[in-house]
Amino acid sequence: MIYKLLLCSLIVVSLNAFDYGLHPKKVAENTYCFFGKTETVSPQNGGNIVNTCFVQTKEGFVVIDSGPTYAYASQAYTQMQKIAKLPIKYVIITHDHDDHWQGNSFYKSKGALLIGPRSYEQNIVAGMPTRMERILGKALYGKTKIVTLDRIVDSNMTIKTSDESFEISQPVPIAHTKGDLIVYLPKKGILFAGDLVFNDRLTSLRDGSLVGSLEALDIIDAYHAKTIVGGHGYRTDANATQVLRDYLTEMKREIIEAQDEDIGLEEVNKRVTMPAFKQLKLYDALHRRNVSHVYRELEMMEDEDE
Ligand SMILES: [Zn+2]
């Protein structure tokens, strides 16, 4: 008997290779999020470095970001079904980084309508393994596939259920990535900001713009939302934009000051260390790279002004 049980559990473990241990946290009425680790992608975390959320409506769930893999999305779905036996109506993808959307193939198999930014389309034709596939490896990546979106949002779109409306919009052309989307629920006063808001760890500006990111934060704050959920980190109050704003503002000030003194990139990297932000996760991995990126961005803007 014990032997049989052991065999059964071994089979279950091998079929369900990675347990994400997802537990939804309520952030507002009928609104829940899974908060990921403030780390970089690794086989140990299965790519769960991301926040994904879902809203229960009368007709079904609306999911904001589908997470890193098919298995993640499937385990998120199991948690949702414990709250209510409802279908998945829509999945809204905030931006193109693959920790946010590789659960799409699972939700498509459940009949959900997928909505996202135009920049997502580059993945359809790319034919290259995604970052997630490379780092996680075949077994963890599992059934994850790249699927097409059903609707593209270029500027804005509102989707409605009988009891809720979801205002999707692109605040600026480039901020964290090209075409980042935010989702606002006016009745609940909740705003899903994707990676335009980070907490507890540093952002990565590799595909984005400091100037665009600051503009996007102004637009987000102008909603005066009661709850703001970013793509990474655990803070979700009305001032959840503050830490990232402080980081970007200080970086902009220090780099402009150095450029005014004609200091080159190498020196700037030594000087703009911003120790006040050292306690944030991923500082060592990302800060120097962010400084280099912003240095070039601001230099280019200066050249254009001349
Ligand atoms: Zn992200």
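Residues numbered from 1 in each chain as written. Predicted model: local features only at pLDDT ≥ 70, side-chain atom pairs only at ≥ 80, totals over all residues. Heavy atoms only, no water.

A. How the structure looks around the pairing of strand β8 (residues 156-160). Burial along β8 is one-sided: the residues Met 157 and Ile 159 are buried and none of Asn 156, Thr 158 and Lys 160 is. Of the pairings in the sheet, the one linking β8 to strand β9 (residues 165-169) comprises 5 bridges and is antiparallel in character. From the neighbouring strand, Met 157 faces β9, where its bridge partner is Ile 168. Count of turn residues in the β8/β9 antiparallel hairpin: 4 residues. (Buried < 20%, exposed > 50% of the residue type's maximum accessible area, 1.4 Å probe, protein only. Helix = DSSP H or I, 4+ residues; strand = E, 2+ residues; numbered from the N terminus. Pairing = 2+ DSSP bridges.)

B. Up close: the nonpolar core. Ranked by internal contacts, the top residues of the largest apolar core, which has 37 residues, are Ile 220, Tyr 247, Leu 248, Met 251, Ile 255 and Val 268. Going through the elements one at a time, β10 (182-185), β11 (190-198), α6 (210-221), α7 (242-260) and α9 (283-305) are the ones with two or more residues in this core. Core analysis: the second largest hydrophobic core is formed by 33 residues, Leu 22, Met 132, Leu 136 and Leu 140 among them. (Core = buried A, V, L, I, M, F, W, Y, C linked by side-chain atoms within 4.5 Å.)

C. Structural detail: the packing of aromatic side chains. Inspection of the entire model under this criterion finds 12 aromatic pairs. Every member of this aromatic cluster is reached through a ring pair, and the members are Tyr 32, Phe 34, Phe 54 and Phe 61. (Phe/Tyr/Trp six-rings, centres within 6.5 Å; stacked < 30°, edge-to-face > 60°.)

D. Layout of the coordination of the zinc ion. Protein-derived ligands of the zinc ion are His 100 (NE2), Asp 195 (OD) and His 232 (NE2), with the metal-ligand distances lying across 2.0 to 2.1 Å. Written as a sequence motif, the donor residues of the zinc ion are H-x94-D-x36-H. Note that His 100 is positioned in the loop between β5 (88-92) and α3 (104-109) and His 232 in strand β12 (residues 227-232), a separation of 132 residues in sequence. Given the relative accessible area of 0%, His 100 is considered buried. (Donors = N, O, S within 2.8 Å, 3.2 Å for Na, K, Ca; no water.)

E. Region of the structure containing empty space enclosed by the protein. Applying the stated criterion to the full structure yields 3 cavities of 30 Å³ or more. The space that makes up the largest cavity amounts to roughly 60 Å³. Lining the largest cavity are Asn 51, Thr 52, Cys 53, Ile 64, Asp 65, Thr 94, Phe 192, Ala 193, Gly 194, Val 229, Gly 230 and Gly 231. When contributions to the lining of the largest cavity are tallied by element, the ones reaching two or more residues are β3 (52-56), β11 and β12. Considered class by class, the residues forming the lining of the largest cavity number 5 nonpolar, 6 polar and 1 charged. (1 Å grid on protein atoms, 1.4 Å probe; cavity = no way out; pocket = protein on both sides within 12 Å on 5 of 7 lines; lining within 4 Å. Points joined across faces, edges and corners; volume = space filled by probe spheres on them. Nonpolar A, V, L, I, M, F, W, Y, C, P; charged D, E, K, R; others polar.)

The analysis is restricted to geometry; functional conclusions fall outside its scope.
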